[in-house]
Structure formats: C-alpha cells, structure tokens
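Here is how the chains run, residue by residue.
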Amino acid sequence: MPYLPYLYEFSPLYLAQAALTVWMLVDANRRGAEYYWFWLILAFQPFGAWAYFFSYKWRDFGGGNAPAWLSGLFTRRPSMDELRHRAERFGTVATHLELGERLVEVGEFAEAVPHIGVMLAREPDHCQALFLMAEAERGLGHPEQSIALLQKLLNRQPAWGNYRAWRSLIETQERHGDLPGAIASCRGLLRLCPTLECCCLLAAHLIESGDKVAAAEALEQGLDDYRYLRGPQRRRQSRWATKANQLLKQLE
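Residues numbered from 1 in each chain as written. Predicted model: local features only at pLDDT ≥ 70, side-chain atom pairs only at ≥ 80, totals over all residues. Heavy atoms only, no water.

Some remarks on the side chain of glutamine 128
Move 1: Note that glutamine 128 resides in helix α9 (residues 127-139).
Move 2: In this structure the side chain of glutamine 128 is engaged in a polar contact, spanning 3.4 Å, whose partner is the side chain of glutamate 101. (Helix = DSSP H or I, 4+ residues; strand = E, 2+ residues; numbered from the N terminus. Polar contact = N/O pair within 3.5 Å; in protein donor to acceptor, adjacent residues only side chain to side chain.)

Okay, structure coming up:
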C-alpha cells in the first residue's frame with residue numbers, strides 16, 4: 001500500500017493534529033511557558049501537544065486542572081520552594097500564575113495576590129486568574145471585590161470550571177449576607193444548568209429566605225425532569241433525588 005503514508009499525511013486527522021500543534025506552540029509562547037514545553041509539543045507527537053492542552057489551555061475552557069495521570073507523565077508536582085524559585089528566576093506569567101494557584105490552595109492569600117496579578121495585568125479576562133483572584137480576595141475578607149471578579153468571569157465564560165465560579169459566587173453572596181443576590185445567582189445557574197442538584201441549591205436558599213412555596217415548586221420541577229432521565233445522567237443525579245425528597249418532606 002504505497003500511498004497510505006501520503007494519504008495519512010494529508011488526512012483531516014493529520015491536519016487537525018498539525019493545527020493543534022501550532023495552536024499550542026503559539027499559546028505556550030503567549031503564556032510564557034517553560035521552554036521544555038516547546039520541545040515536548042514538537043518532539044512527542046501527537047502526545048506533547050495534547051499534554052500541553054490539558055496542562056494549560058484546558059483551564060481556559062473551564063476544565064480545571066489537567067487529569068493527574070496525564071500531567072504526571074510529563075511533569076511532577078513541584079514544591080512551594082521550587083515554585084517560588086521559578087517565579088523569581090524566570091518571571092513568566094505561567095510561573096507566577098502557578099505559584100499564585102498553589103498559594104491560594106494553602107490559604108496564603110496575601111502572597112498570592114501579586115502573583116495572580118501578573119497574569120491579569122497581561123490578560124485582564126483570563127478566567128483562571130480571575131477565579132483565583134476572587135478566591136484570594138474572599139480569603140482576605142473582601143467579598144465585594146470577590147463578587148465583582150466572579151461576575152466578570154461569568155460574563156465572559158458562564159460555564160467555566162463546570163460552573164465552579166457560580167458556586168463560589170453563591171457561597172460568597174450568602175456569607176456576605178446577600179441572600180437575595182444568592183437566590184438570583186442560584187436561578188441564573190439553574191437556567192444554564194437545569195439539573196436536580198441546582199434545583200436543590202436554589203430550594204435550600206429559598207427555604208432559608210422563608211419562601212417555601214417557591215422552594216417546593218423548584219424541587220417538584222426538578223424531580224419531574226429527573227423521572228425522564230436515563231443512563232449515566234440519571235445515576236449522577238440519583239443522590240440529589242434523595243436530597244430533593246428530603247427537602248420536600250421538610251416543607252410539609
């Protein structure tokens with residue numbers, strides 16, 4: 001089959017992989033990624049480009065961190081001292097953001113802010129950086145700033161992080177004493193993600209506000225939709241069906 005390599009070379013799959021490789025190289029350059037990523041992307045085809053995508057670019061689409069098994073094939077989780085050294089030595093936006101993310105994880109919010117700010121100074125609408133800064137501001141006791149950052153993120157990418165930003169916004173509003181705002185955010189999340197879990201979240205806040213009628217309506221609508229789910233979707237929502245029925249019993 002002498003023409004097989006030639007046909008594969010110009011197949012849609014090959015062209016798509018080539019486009020992905022170029023895209024990841026451009027993104028790595030824009031992001032200021034470590035130089036070894038350029039070699040990985042180019043030399044380890046097709047896996048290098050995909051490893052970079054899941055390690056960095058995936059977060060821009062709301063995917064959170066890379067799958068541990070995939071990123072572990074190419075990188076190890078660095079220590080805090082190593083992250084500080086990278087940020088000081090190389091000073092790229094990627095090293096600063098990585099350090100800022102780890103500092104938020106361990107609750108060192110004040111130290112995290114300037115490192116996350118490096119990314120936001122370069123890309124004011126960078127979703128991961130907006131979320132991390134919002135978490136840091138909330139940790140520092142600045143809920144108004146946190147809410148503003150989360151709302152900016154959601155205006156740009158409503159489904160970011162599998163709706164993680166919505167949950168953080170609702171929690172921040174509730175802690176700040178803005179129950180009407182939290183309820184409005186619950187309704188906004190439910191419109192985008194009409195699952196039984198989101199129905200339960202809205203109902204819980206409505207119950208807290210004293211609006212038991214609206215809470216019952218939300219739960220009954222969610223359970224009615226749940227009856228028609230099949231397969232994995234139904235299994236994923238099964239525990240929320242139990243929770244919804246428990247909440248309805250409380251309303252009787």
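Further notes follow.
Considering unusual backbone geometry
Move 1: Within the chain, asparagine 162 stands out as a residue other than glycine whose phi angle is a positive 55 degrees.
Move 2: Structurally, asparagine 162 can be placed in helix α11 (residues 160-175).
Move 3: On the basis of relative accessible area, asparagine 162 is assigned to the exposed category, the value being 57%.
Move 4: For tyrosine 163, which is not a glycine, the phi torsion comes out positive at approximately 70 degrees.
Move 5: Tracing the chain through its elements places tyrosine 163 in helix α11.
Move 6: With a relative accessible area of 16%, tyrosine 163 lands in the buried category. (Buried < 20%, exposed > 50% of the residue type's maximum accessible area, 1.4 Å probe, protein only.)

A word on the environment of serine 168
Move 1: Structurally, the position occupied by serine 168 is in helix α11.
Move 2: On the basis of relative accessible area, serine 168 is assigned to the buried category, the value being 5%.
Move 3: For the pair serine 168 and phenylalanine 131, spaced 37 residues apart in sequence, the C-alpha separation works out to 8.9 Å.
Move 4: In contact with serine 168, not counting residues within four places along its chain, are Phe131, Glu135, Arg138 and Leu150. (Contact = heavy atoms within 4.5 Å.)

Details of the packing of aromatic side chains
Move 1: Scanning the model with the defined rule gives two aromatic pairs in all.
Move 2: Residues tryptophan 23 and phenylalanine 53 carry aromatic rings whose centres are separated by 6.2 Å and whose planes lie at 55 degrees to one another, so their mutual orientation is tilted. Taken together, the residues span a long stretch of sequence, with tryptophan 23 in helix α2 (residues 12-31) and phenylalanine 53 in helix α4 (residues 47-60) at a distance of 30 residues.
Move 3: A relative accessible area of 38% places tryptophan 23 in the partly exposed class.
Move 4: Relative accessible area serves as the criterion here: at 10%, phenylalanine 53 is assigned to the buried category.
Move 5: Aromatic side chains phenylalanine 131 and tryptophan 160 sit 5.1 Å apart centroid to centroid with 40 degrees between the ring planes, which places their arrangement in the tilted category. Taken together, the residues span a long stretch of sequence, with phenylalanine 131 in helix α9 and tryptophan 160 in helix α11 at a distance of 29 residues.
Move 6: We classify phenylalanine 131 as buried; its relative accessible area is 3%.
Move 7: A relative accessible area of 3% means that tryptophan 160 is categorised as buried. (Phe/Tyr/Trp six-rings, centres within 6.5 Å; stacked < 30°, edge-to-face > 60°.)

So, the pattern of salt bridges
Move 1: Scanning all chains against the criterion turns up 11 salt bridges.
Move 2: Where arginine 84 meets aspartate 81, a salt bridge forms, and the shortest distance between an N and an O atom there is 4.0 Å. Of this pair, arginine 84 and aspartate 81 both sit in helix α6 (residues 80-89), three residues apart, which is roughly one turn of that helix.
Move 3: Judged by relative accessible area, aspartate 81 falls into the exposed class, the value being 60%.
Move 4: The shortest N-O distance in the salt bridge between arginine 138 and glutamate 135 comes to 3.5 Å. In this pair, arginine 138 and glutamate 135 both sit in helix α9, three residues apart, roughly one turn of the helix. Across the pair, exposure class does not vary: arginine 138 and glutamate 135 are buried alike.
Move 5: The network of salt bridges with shared partners includes Glu135, Arg138, Glu171 and Arg175. (Salt bridge = Lys/Arg side-chain N within 4 Å of Asp/Glu carboxyl O.)

Digging into the state of the cysteines
Move 1: With the rule as written, the count across this model stands at zero disulfides.
Move 2: Not part of a disulfide, cysteine 193 finds its nearest cysteine sulfur in cysteine 198, a span of 3.9 Å. (Disulfide = S-S within 2.5 Å.)

Looking at the nonpolar core
Move 1: If you look at the biggest cluster of nonpolar residues, it comprises 58 residues, and the most contacted ones within it are Ile116, Leu153, Ala165, Leu189, Leu196, Leu202 and Leu219.
Move 2: Residues contacting alanine 165, with those up to four places away along its chain left out, are Phe131, Leu150, Leu153, Leu154 and Trp160.
Move 3: In this structure, Leu20, Leu25, Trp37 and Ala51 belong to the second largest nonpolar core, which totals 12 residues. (Core = buried A, V, L, I, M, F, W, Y, C linked by side-chain atoms within 4.5 Å.)

Notes on helix α7 (residues 93-105)
Move 1: When the terminal C-alpha atoms of α7 are compared, their 18 Å separation across 13 residues agrees well with the 18 Å that a helix rising 1.5 Å per residue should span.
Move 2: Across the 13 residues of α7, 11 count as buried, placing the element largely inside the fold.
Move 3: Buried residues of α7: Val93, Ala94, Thr95, His96, Leu97, Leu99, Gly100, Glu101, Arg102, Leu103 and Val104, and no others.
Move 4: Of the residues one or two after α7, glycine 107 is the one with positive phi, at around 85 degrees. (Expected span 1.5 Å × (residues − 1).)

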